[in-house]
Every structure is written in structure tokens, then in C-alpha cells.
Amino acid sequence: MLLTHTSGGRSYVATRAYAPRDEILSAPMTLHAPVWPCDPALLSPTERLVLASPPPPPPAPAAPHDEAAAALRACAASLLSYRALAVRAALRLAAEPLALVSLDDGWAHRPAAARAYLAATAARLGEALGEAAVEVRTPLLEHCLGAILINAFGEARREGGGEAERVGLCLAAAMVQHSCAPNCEAVVRDAAVSIVATQPISEGSELTISYIDASEPTYSRQRLLWTGKLFRCRCVRCDDPTDGERFGGCFRCEACGRGWQRWTARDGWACAACGGSASEAAVWRWDEARRAELAALEERAADEGPSEAVREEYDGLIGTMLEACHPNHKLLLDARLSKVVHATEAHPSTRAAAESKRLAAHAALTQAARVLPTFDWQKADLHFHLGAASFAIAAAETAADAKKEALDAAAKQLLLSVIQFEAVLGQEAPPTRAARDFAALAMRSLQTLLTQPAP
Ligand SMILES: [Zn+2]
Ligand SMILES: [Zn+2]
């Protein structure tokens with residue numbers, strides 16, 4: 001690929017065609033550190049000394065729907081988790097003042113309150129470095145913190161847990177531009193960043209990744225990009241009020257009761273039927289309240305384990321959502337996926353448990369088929385869950401015909417899971433292998449049953 005300069009900044013352009021799963025760029029992180037707070041053993045004595053100084057107090061919570069306040073909250077929360085990386089970067093700057101100069105710090109676009117908080121954090125870091133007898137100029141520290149906020153890549157834990165356990169800067173990969181309909185993804189593993197094609201890319205196309213969860217609705221993607229990365233996305237998806245006919249962020253219009261309220265960056269909320277406009281603040285209150293309820297439910301399910309009571313709570317939340325939002329809304333899919341993962345048994349032990357898992361996975365998959373791309377790991381996961389539920393139903397079934405039918409359904413779903421996992425993760429990825437092994441088991445079981453002589 002080729003690095004070019006355009007009005008939108010630096011970006012990479014494909015110098016040849018690429019197929020899905022092709023690795024286009026791979027570079028080690030220039031600098032990385034564990035997510036803070038971390039085990040002190042992972043840090044050098046100087047780093048520990050500097051980190052012993054507390055950062056400035058986080059800002060007081062402000063109106064939740066205020067964009068500038070959301071930017072300040074995002075800035076403060078990120079600075080806290082990037083503390084070890086910030087200290088490590090500052091120590092690098094002391095030896096090599098130009099080390100991070102190529103990275104954007106977003107300073108000019110940052111809201112005043114976030115800029116003030118970042119400046120105070122930089123000043124505090126400067127003092128702490130001074131106590132450790134390291135001198136770095138404050139403007140350099142401000143640039144360093146700003147550049148980390150805009151450019152850091154997170155590396156997720158290997159087994160379970162979605163949280164990043166390591167964050168770092170990769171100068172080469174930081175130049176890949178954002179799109180909400182990207183043609184590549186960044187794979188972060190072993191302190192290296194790979195840019196991998198997710199669809200066929202023709203020669204001359206710009207290479208893009210999504211800096212945020214691209215499955216978020218437009219109104220939410222715009223806010224995440226603004227509060228976290230300080231720019232307004234102008235991609236095709238962000239300009240399309242129906243989000244490619246998915247309506248994934250639309251709400252019922254309270255004024256006319258017929259149309260859908262749709263959002264674009266240019267026009268804000270507008271009803272397709274009556275032209276009326278929903279209140280920005282009311283939408284955000286609804287959105288944030290439902291996310292909080294879902295998070296609380298997940299926590300409860302993690303504590304108590306799957307139960308009928310937890311499943312009823314999920315159904316209540318899903319029902320509440322359906323009263324206000326479009327049936328394709330992203331938060332509804334989140335709730336349905338979460339119900340499968342957190343409110344049903346991983347390995348159902350009874351017929352009833354298997355049946356409730358099957359129903360939950362089926363409902364989530366029905367929506368996923370409408371709103372997710374052709375190949376998607378969430379679809380892969382759901383086919384796997386559905387296959388596992390059908391397999392468990394077959395095991396609990398005594399009538400031969402019903403047993404065959406359930407095994408047949410299990411084999412089909414598990415094969416679909418293999419196809420999905422292979423397309424998004426590759427042939428040798430552990431989830432692909434697990435799905436393939438399970439599909440083979442289901443097919444062997446079905447084969448055995450079909451060749452058994454009738455009693
Ligand atoms: Zn966009
Ligand atoms: Zn209306």
C-alpha cells in the first residue's frame with residue numbers, strides 16, 4: 001500500500017487488489033503499556049515512582065446528553081486507563097523529544113473543558129516526572145497525552161473478557177483512516193497491529209478501519225467519534241438517514257405515531273412521515289437509560305447465573321425497547337444477544353433449558369440477519385448457540401423422528417457457524433475449529449441414527 005496526503009489528512013491507498021483476510025500491513029507497536037491500574041511488577045521503578053502521584057480529580061458529572069460534557073467524561077476516563085502508557089511515552093520523550101511528533105493530538109478540536117482537563121493532567125504528569133528527576137516540557141506532554149487519546153490501539157485479553165489489557169501506539173497503523181463502512185480491520189495481538197482486509201479491495205481504493213463499534217447507530221457513532229476522536233464522520237453511512245435500509249437507529253415518532261424518526265448529522269432528527277423532530281436530549285436519555293439497564297442485567301445474570309427470573313427481566317427490557325425504537329435498533333440486538341449469552345445455559349442440561357436457549361438464539365439471529373453484514377462474528381456465534389441448543393434438544397428427545405429432526409437442525413446451524421467463523425476469522429482460528437468439530441459431531445450422531453435399524 002501507499003501512504004498519501006489528501007485534504008482529509010494522511011491515508012493509505014491500495015497499490016494492488018486484496019482479498020478478504022489478506023494482511024495488508026503489520027507493524028509492532030512503537031510503544032505499549034498495560035492498561036491502568038495494573039500489576040506494579042509490570043512497571044520499571046521510575047514508572048512506579050511517577051505513577052504514585054495521583055492525577056487531577058475527574059470532572060463532576062454534567063448533563064448526560066450534553067456533547068461537550070460527554071467529550072470531557074470520555075477524555076478523563078481514557079486518560080485514567082492510559083496512565084501507564086502516558087508515563088512510558090513521557091519517559092521516551094525525555095530521551096527523544098520528536099518521538100511522537102507525527103501523531104495528531106486533536107488539540108484544536110477538543111472542547112474547552114476537555115482541553116483544560118488534559119492540560120491539568122499534563123502539568124501534574126510534569127511535576128511527577130520532575131520528582132523523579134526527569135525533565136519534559138509541558139507542551140510536549142500535552143501533545144503526548146492528546147496523541148495517545150486519539151491514536152492508541154487496545155489489545156484485548158486472549159481468553160474471555162472484552163476489555164483491553166494492553167494499550168499502545170503504532171505509528172504506521174495510526175495513519176489508517178476511519179470509515180463507518182470500512183474495508184479493513186485492525187487486529188491487535190502480541191503488541192503488534194495488523195491491518196487485514198475484510199472485503200475485496202480494488203487497486204487505488206483508500207484503506208479504512210472503524211475506530212469505533214461500527215454496528216452502533218449513526219447518532220451514536222457520530223457522538224463516539226466526536227467525543228473520543230474529535231472529528232465528524234462524513235462517510236456514506238453517516239449521510240444516509242435509513243443507514244442502508246437497516247433503520248438501526250430509528251425511533252417511533254411520538255407526534256404522528258406512524259413514521260420513524262431518523263437522524264443525520266446534517267438535519268438531526270426528522271420523522272419520515274410528518275417531518276416532526278424528536279428531542280435530541282430525550283433520545284439520549286432513552287438510549288443511556290436502556291444501556292444502563294442492560295449492563296445491570298448482565299451483571300445480575302453473571303452473579304446469579306441464568307434463571308427464569310433473569311430471562312423475564314430481559315424480555316421486559318426488550319418489550320420496553322420495542323415500544324420506542326425500530327425493531328432493527330442496535331440496542332435491541334444487543335439485548336437479544338446478551339440474553340443468549342448471559343441468561344441461557346452454555347451447555348443446557350434439560351429439555352426446557354435447551355428450548356429457552358433455542359428460542360433466544362432464534363430471536364437474536366432473526367434480527368442479526370436483517371442488520372448485520374453478510375459475514376459477521378456475532379452471526380457466527382448465534383448459529384453456534386442455536387446449533388448447541390438443537391443438539392441438547394436432540395439429546396433430551398426420546399422419539400426417533402424428533403431426535404433426527406433436532407440433530408439435522410443442529411448440524412445445519414453448526415455448518416452455518418463454520419462458514420461465518422471461517423469468513424471473519426480464518427480457517428485456523430480456534431472458534432472456527434470448535435464450530436467445525438461440533439458440526440462434525442452433530443453430523444456423525446445424525447448418521448448413526450439414520451443407519452440404525454428400526455426397532
Ligand atoms: Zn461515518
Ligand atoms: Zn411523525
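Residues numbered from 1 in each chain as written. Chains lettered and ligands numbered in written order. Predicted model: local features only at pLDDT ≥ 70, side-chain atom pairs only at ≥ 80, totals over all residues.

K.L.:
Describe the overall build of the protein chain, naming the residues involved and giving the relevant values.
P.N.:
Helix and strand counts for the protein chain come out as 14 helices and 13 strands. Across its three principal axes, the protein chain shows a C-alpha extent of roughly 85 × 55 × 50 Å. Looking at the protein chain residue by residue over its 455 residues, the buried ones come to 40%. Of the contacts made within the protein chain by residues no fewer than 6 positions apart, 65% connect residues no fewer than 24 positions apart. (Helix = DSSP H or I, 4+ residues; strand = E, 2+ residues; numbered from the N terminus. Buried ≥ 20, exposed ≤ 12 C-beta atoms within 10 Å, placed from the backbone. Contact = placed C-beta atoms within 7 Å.)

K.L.:
Tell me what's going on with the packing of helix α3 (residues 83-95) against helix α5 (residues 138-151), and back it up with residues and numbers.
P.N.:
For the pair α3 and α5, the least separation of the axes is 10 Å and the interaxial angle reads 135°. Here α5 runs oblique to α3, going by the angle between their axes. Taken as a pair, α3 and α5 cross one another with a handedness that is right-handed. Contacts from L85, A86, A89, A90 and L93 of α3 reach α5 at L140, L141, C144, L145 and I148. (Axes fitted to C-alpha atoms, helices over the stretch in contact; angles between N-to-C directions. Parallel < 35°, antiparallel > 145°, perpendicular 65-115°, else oblique. Left-handed = near helix turned anticlockwise from the far one by under 90°.)

K.L.:
Which residues make up the sheet that holds strand β9 (residues 192-197), and what are the values?
P.N.:
Within a beta sheet, neighbouring strands are joined by backbone hydrogen bonds and run either parallel or antiparallel to one another. Judged by pairing direction, the sheet is antiparallel, and its 3 strands sit side by side in the order β3-β9-β8 without closing on themselves. Looking at which strands have only one partner, the edges of the open sheet turn out to be β3 (23-28) and β8 (184-189). Strand-to-strand twist across the sheet, computed as the mean angle between neighbouring axes with direction ignored, equals 15°. Pairing of β8 with β9, which is carried by 6 bridges, proceeds in the antiparallel orientation. Paired with A186 across the bridge in β9 is I195. (Pairing = 2+ DSSP bridges.)

K.L.:
Tell me about the nonpolar core, residues and numbers included.
P.N.:
In terms of nonpolar packing, the biggest core is built from 61 residues, with L85, A86, A89, A90, C144, L145 and I148 touching the most fellow members. One finds Y314, L386, I393 and A406 within the second-largest nonpolar core, a separate group that totals 55 residues. (Core = buried A, V, L, I, M, F, W, Y, C linked by C-beta atoms within 7 Å.)

K.L.:
How would you summarise α5 if you had to cite specific residues and measurements?
P.N.:
Between its terminal C-alpha atoms α5 stretches 20 Å, which fits the 20 Å expected from 14 residues at 1.5 Å a residue. Among the 14 residues that make up α5, 10 are buried, leaving the element largely enclosed by the rest of the structure. (Expected span 1.5 Å × (residues − 1).)

K.L.:
How would you sum up unusual backbone geometry? Please name residues and give values.
P.N.:
Put simply, W36 and P37 share a cis peptide bond, and its omega is 0°. Of note in the backbone geometry, R21 takes a positive phi value of approximately 80° without being a glycine. Structurally, R21 can be placed in the loop between β2 (9-13) and β3. Look at F247: it is not a glycine, yet its phi comes out positive at around 55°. Its place among the elements puts F247 in the loop between α7 (236-239) and β11 (251-252).

K.L.:
If you had to explain the sheet that holds strand β13 (residues 268-271) to someone new, which residues and values would you point to?
P.N.:
The strand order β11-β12-β13 describes an open sheet built from 3 strands, whose pairing is antiparallel. What marks the edges here is a single partner per strand, and that holds for β11 and β13. Relative to strand β12 (residues 260-264), β11 runs antiparallel, the two being bridged by 2 bridges. The partner of R252 across the bridge, within β12, is W260.

K.L.:
Give me the pairing of β12: which residues, what numbers.
P.N.:
Bridging between β12 and β13 involves 4 bridges; their strand directions are antiparallel. Bridge assignment links W263 to a residue of β13, and that residue is W269. What sits between the antiparallel neighbours β12 and β13 is a turn of 3 residues.

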